[in-house]
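# Geometric and topological summary
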Amino acid sequence: MKFFDTSNLRGDIFGGVTASIIALPLALAFGEASGAGPIAGLWGAIFVGFFAALFGGTGSQISGPTGPMVVVFAGVFASLSGNPALVFASVVLAGLLQITLGVFKMGQYIRLVPYPVVSGFMSGIGCIIIALQVSRLFGHEPAESGTIPALTAIPSAVMDPNLAALLVGAVTLAIVFTWPKSLGTYLPAPLAALITGTLLSLVVSGAPILGDIPTGFPDLVVPTFTAETFPIVLEAAVILAALGAIDSLLTSLVADNMTRTRHDSDKELIGQGIGNTFAGLFGAIPGAGATMRTVVNIRTGGLTRISGMLHSVLLLAVVISLAPLAKVIPHAVLAGILIKVGYDIIDIGYLRRAHKGPRLDLALMALVLLLTVFVDLITAVAAGVVVASMAFVKQLADEQLKKFASEENSFVKTT
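Treat the numbers as computed from the prediction; the structure is a model and nothing was measured.

### Here we look at the layout of surface pockets
- Its volume calculated, the largest pocket comes out at about 1,600 Å³.
- Lining of the largest pocket is provided by 45 residues; of these, Thr291, Met292, Val295, Lys340 and Asp344 occupy positions nearest its centre.
- Residue composition of the lining of the largest pocket, by class: 27 nonpolar, 11 polar and 7 charged.
- Volume-wise, the second largest pocket comes out at about 880 Å³.
- Residue lining of the second largest pocket: 41 residues in total, with Val71, Val72, Ala74, Gly75 and Val76 positioned closest to the centre.
- Of all the elements in the fold, those that place two or more residues in the lining of the second largest pocket are helix 1 (9–34), helix 3 (67–79), helix 6 (115–137), helix 7 (147–159), helix 11 (230–259), helix 17 (359–374) and helix 18 (377–414).
- Here the element with the most residues in the lining of the second largest pocket is helix 3; it accounts for 10 residues.
- When its residues are assigned to classes, the lining of the second largest pocket shows 25 nonpolar, 10 polar and 6 charged.

Okay, structure coming up:
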């Protein structure tokens, strides 16, 4: 196969352009939510999107900052006190770990995580994203980082709202939740909400805005750590690498189903790892395969790596020329967009049909969800995998006992 397949060039151009339009407001929102700033989100979409498409194993996949990755990265950013050398050392190390997983052919095993664990984990992340943004929707900023402080800050924010921010945020929510699909083909809901909310804030002043955003190309960040900080950096890198791998490979499966193709899991991990390594070296937030952007890319004609690379090149043009305009975007607009992202991540479909399946699966999903929200992500996944493994062993033991009992009964009857 050709490395660059130009047989679908027209479709790839349409797909890349559309994906970049959707990625723009999401990248800004994810960058703001991460703590590193909106411009870091845009550069994350550029670096991860370009190199994951160039070296990855899923032709139609669009990569960049995602909700799950931003939640983890925001926690890392807070735990390391925003120290760039330490924070982005964890991103670089995460990228190198993903490359290692791909080189040693581990991609096929990462996908074996039980679905209830993945569902609970993703739903928990969706809940975290919503919890972190509610106060901002009312014009306030939580005093401390983390899910619990964000939840405890909500009542006071609701009781004392910034009316301008609340109006802008409410309009944003209305657009992202009710935007017609027919219009979404020409103007995606997140971009429509970003433009409408920002213009409204110019008329109804008083909502907190992003303020000045750095322009130009990012500086090289030299990753450094000490013996005391290395365990924290390593733990963060492992979480980012594992989550990015799972997130990307699940999106690859979605792309396979839509395009009737088969991705290369190990090659995809290498591509994602290279993208995240470059992102960390230049102070950008990490990313993974983005399901919504990938689906839109495919539906508008994108099938090869050209579409993903074009999406990043177009975002680069936006950063160079239009970044100063982003300073007037209200925090409440990005909060509204992220609340919709969090809602979409929650596995509503599984919850609706959970009563039809085994109760153990539902209990496992609920356990992982609660641990994700109220404890931490790595504990949630570890506990979920352990419980699922124990349940599987029990199921095998029960089947063997049934088989042994039936064989014993047959033996008694014949004798």
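### A few points about unusual backbone geometry
- A positive phi is found at Ser81, a non-glycine position, where the angle reads about 55 degrees.
- Mapping Ser81 onto the fold places it in the loop between helix 3 and helix 4 (84–103).
- Here the phi dihedral of Arg260 falls at roughly 55 degrees; this positive angle occurs in a residue that is not glycine.
- Assignment of secondary structure puts Arg260 in the loop between helix 11 and helix 12 (265–281).
- Note on Arg260: relative accessible area 70%, which makes it exposed.

### Regarding helix 17
- Here helix 17 spans 22 Å end to end across 16 residues, near enough to the 22 Å set by a 1.5 Å rise per residue.
- Of the residues making up helix 17, those classed as buried are Leu364, Met365, Val368, Leu369, Leu371, Thr372 and Val373.

### Some words on a nonpolar patch on the surface
- Taken together, the side chains of Tyr186, Leu187, Ile195, Leu199, Leu202 and Val203 define a hydrophobic patch exposed on the protein surface, amounting to about 660 Å² of accessible area.
- Within the secondary structure layout, Val203 lies in helix 10 (residues 189–203).

### Description of the side chain of Asp266
- Note on placement: Asp266 falls in helix 12.
- Here Asp266 is in contact with Leu101, Gly102, Lys105, Met106, Gly107 and Gln108, once residues within four sequence places are set aside.

Procedures and definitions
Residues numbered from 1 in each chain as written. Predicted model: local features only at pLDDT ≥ 70, side-chain atom pairs only at ≥ 80, totals over all residues. Heavy atoms only, no water. 1 Å grid on protein atoms, 1.4 Å probe; cavity = no way out; pocket = protein on both sides within 12 Å on 5 of 7 lines; lining within 4 Å. Points joined across faces, edges and corners; volume = space filled by probe spheres on them. Nonpolar A, V, L, I, M, F, W, Y, C, P; charged D, E, K, R; others polar. Helix = DSSP H or I, 4+ residues; strand = E, 2+ residues; numbered from the N terminus. Buried < 20%, exposed > 50% of the residue type's maximum accessible area, 1.4 Å probe, protein only. Expected span 1.5 Å × (residues − 1). Patch = residues over 30% accessible without salt bridge, like charges linked within 9 Å, V, L, I, M, F, W, Y side chains within 5 Å. Areas by Shrake-Rupley, 256 points an atom, 1.4 Å probe, with all protein chains shown as cover. Salt bridge = Lys/Arg side-chain N within 4 Å of Asp/Glu carboxyl O. Contact = heavy atoms within 4.5 Å.

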